[in-house]
Amino acid sequence: MSDVEIRQLRYFIAVAEERNFTRAAERLLMTQPALSRAIRALEREVGAELLVRSPGDVGLTPAGRVLLAEARTLVAQAGNALARVRRTGGGPSALTVTASGCSAPLLDDLVRSFNDGDPAVPAEAVVGNAADQLDRLRSGAADLALLRAAPDPAAMDGVLLLLDQMHVMLSASHRLAGRSSLTTADLADEPVLRWQGGNLQMMTPELWPEGFPGRPGPVVSDGMQLFAVVRLGQAVVLCPPPAQGFDEQPGTVTLPLADKEPVPLRLAWLREHARPPGVRAFVRHSRARVAAQPAISG
């Protein structure tokens, strides 16, 4: 695979994880035809079919399963090498911690309180979406990430920070708004909001082995759109407890999803050999901070 580029492997990983070319293209911020051409070129380069293509779904061939494991390792190693070079060459010395918008308030609290202790390596917060967090870790653009999905066991480690009860945000005028709680069955006919470029953090596939509730709703690209769509009654959205950042917005109600088990939030990083300075200290601080302040965990 001497002529295969890291960029091509990142494309392949996105398609394999999303199981859909359109979603993978949104995640990668490129067009679907361009992504399809890139994957075909990769298959020609390795001399094997990597994907089983069918309407609405993409699976892996045996060769594709082998390449996925190798590709994740190679992309992570490339990112680690670049990060080490940047640090050795006098590049940014801050520890980069990323989270999706749902966990941004907790991320802000952890980074601010960590930096208040004047650490040798300060931390900086980067907010992205649920899909690009793993990409940031693998590419070396982030050192740690707050993840709902389980970290890739082949390349990452992580610690459990907290368990959150799943909630549903809906319009204050919605027919279900007067309930004290909801069940998954209540959402059967409800349009559930989706996020451009990847699933909302609480819609990570690993959290829904039985399948996502409701039916596909509108696609939004930022928080203002999210709240507007919900207020207008055009969709509902799965979210963390209000105490972790989804404070009640005017015209909305947030109710617990009573029949869904609490979902984990983990702090993840690349394996020990690639761990940059400051990661261990930030992990220790984060665990102590969450344990000492139950309010921020919902």
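Residues numbered from 1 in each chain as written. Predicted model: local features only at pLDDT ≥ 70, side-chain atom pairs only at ≥ 80, totals over all residues. Heavy atoms only, no water.

**Q** Account for the overall build of the protein, with residues named and values stated.
**A** When its secondary structure is counted, the protein shows eight helices and twelve strands. The buried share among the 298 residues of the protein stands at 48%. Across the protein, the fraction of contacts at a sequence separation of at least 24, relative to all contacts at a separation of at least 6, is 73%. Of the roughly 13700 Å² that the protein leaves accessible, carbon and sulfur atoms contribute 54%. (Helix = DSSP H or I, 4+ residues; strand = E, 2+ residues; numbered from the N terminus. Buried < 20%, exposed > 50% of the residue type's maximum accessible area, 1.4 Å probe, protein only. Contact = heavy atoms within 4.5 Å. Areas by Shrake-Rupley, 256 points an atom, 1.4 Å probe, with all protein chains shown as cover.)

**Q** How would you summarise the side chain of E190 if you had to cite specific residues and measurements?
**A** By the secondary structure assignment, E190 is in the loop between strand 7 (167-171) and strand 8 (191-195). A residue is classified by how much of its surface remains accessible, and E190, at 8% relative accessible area, is buried. Discounting chain neighbours no more than four positions away, the residues touching E190 are H174, R175, L176, G214, R215 and V236.

**Q** Give me the pairing of strand 5 (residues 144-147): which residues, what numbers.
**A** Residues of strand 5 alternate between two faces, with L144 and L146 on one and A145 and L147 on the opposite face, all of them buried. Across two bridges, the pairing between strand 3 (residues 95-100) and strand 5 is parallel. If you follow T98 over to strand 5, its bridge partner there is A145. Relative to strand 12 (residues 263-270), strand 5 runs antiparallel, the two sharing four bridges. What sits directly across from L146, in strand 12, is L267. (Pairing = 2+ DSSP bridges.)

**Q** Account for the sheet that holds strand 12, with residues named and values stated.
**A** Here we have five strands laid out as an open sheet, ordered 4-3-5-12-6, and mixed in their pairing. Single-partner strands in this sheet number two, and they are strand 4 (123-128) and strand 6 (156-164). Geometrically, the sheet is characterised by an average inter-axis angle of 20 degrees between neighbouring strands, direction not taken into account. Contacts between helix 5 (residues 104-116) and the sheet are confined to strand 3, strand 4, strand 5, strand 6 and strand 12, with strand 4 contributing the most and set at about 170 degrees to the helix. (Axes fitted to C-alpha atoms, helices over the stretch in contact; angles between N-to-C directions.)

**Q** So, the packing of helix 5 against helix 8 (residues 279-292): which residues are in play, and what are the values?
**A** Viewed as axis vectors pointing N to C, helix 5 and helix 8 meet at an angle of 115 degrees, and their least axial separation amounts to 10 Å. Between helix 5 and helix 8 the crossing geometry is right-handed. On helix 8, the residues that touch L106, D109, L110, V111, S113 and F114 of helix 5 are A281, F282, H285, S286, R289 and V290. Split by residue class, the contact of helix 5 with helix 8 holds seven nonpolar, three polar and two charged. (Left-handed = near helix turned anticlockwise from the far one by under 90°. Nonpolar A, V, L, I, M, F, W, Y, C, P; charged D, E, K, R; others polar.)

**Q** Now, about the environment of V126: what can you tell me, with residues and values included?
**A** Secondary-structure assignment places V126 in strand 4. The partly exposed category is assigned to V126, whose relative accessible area is 22%. Taking the C-alpha atoms as reference points, V126 and D108, separated by 18 residues in sequence, lie 9.3 Å from one another. In this structure V126 touches T96, V97, T98, A99, L107 and R136, once residues within four positions along its chain are discounted.

**Q** How would you sum up the pattern of salt bridges? Please name residues and give values.
**A** Tallied over the entire structure, the rule returns twelve salt bridges. R289 is paired through a salt bridge with D109; the nearest N and O atoms lie 2.9 Å apart. Of this pair, R289 sits in helix 8 while D109 sits in helix 5, and the two are 180 residues apart along the sequence. On the basis of relative accessibility, which here comes to 18%, the residue D109 falls in the buried class. In this structure, the salt-bridge partner of R148 is D164, at a minimum N-O distance of 3.0 Å. In this pair, R148 sits in the loop between strand 5 and strand 6 while D164 sits in strand 6, placing the two residues 16 residues apart along the sequence. Like R148, the residue D164 is buried in the burial classification. Connected via shared salt-bridge partners are R40, E43, E49 and R53. (Salt bridge = Lys/Arg side-chain N within 4 Å of Asp/Glu carboxyl O.)

**Q** Quick rundown of the nonpolar core? Include the residues and the values.
**A** Soluble globular proteins: nonpolar side chains tend toward being buried together. Ranked by internal contacts, the top residues of the largest apolar core, which has 23 residues, are F12, V15, F21, L35, I39 and L51. Sorting the residues of this core by element identifies helix 1 (6-18), helix 2 (21-28), helix 3 (32-46) and helix 4 (62-88) as the ones contributing at least two each. Tallying contributions element by element places helix 1 first for this core, with seven residues. Grouped together as the second largest cluster of nonpolar side chains are 22 residues, A99, A123, L144 and V290 included. (Core = buried A, V, L, I, M, F, W, Y, C linked by side-chain atoms within 4.5 Å.)

**Q** Can you explain the packing of aromatic side chains? Please cite residues and give values.
**A** In total, this model carries one aromatic pair according to the counting rule given. Considering the side-chain rings of F114 and F282, the 5.0 Å spacing of their centres and the 70 degrees angle between planes classify their relative orientation as edge-to-face. With F114 in helix 5 and F282 in helix 8, the pair connects residues that are 168 residues apart, well separated along the chain. Residue F282 is classed as buried on the basis of its relative accessible area of 1%. (Phe/Tyr/Trp six-rings, centres within 6.5 Å; stacked < 30°, edge-to-face > 60°.)

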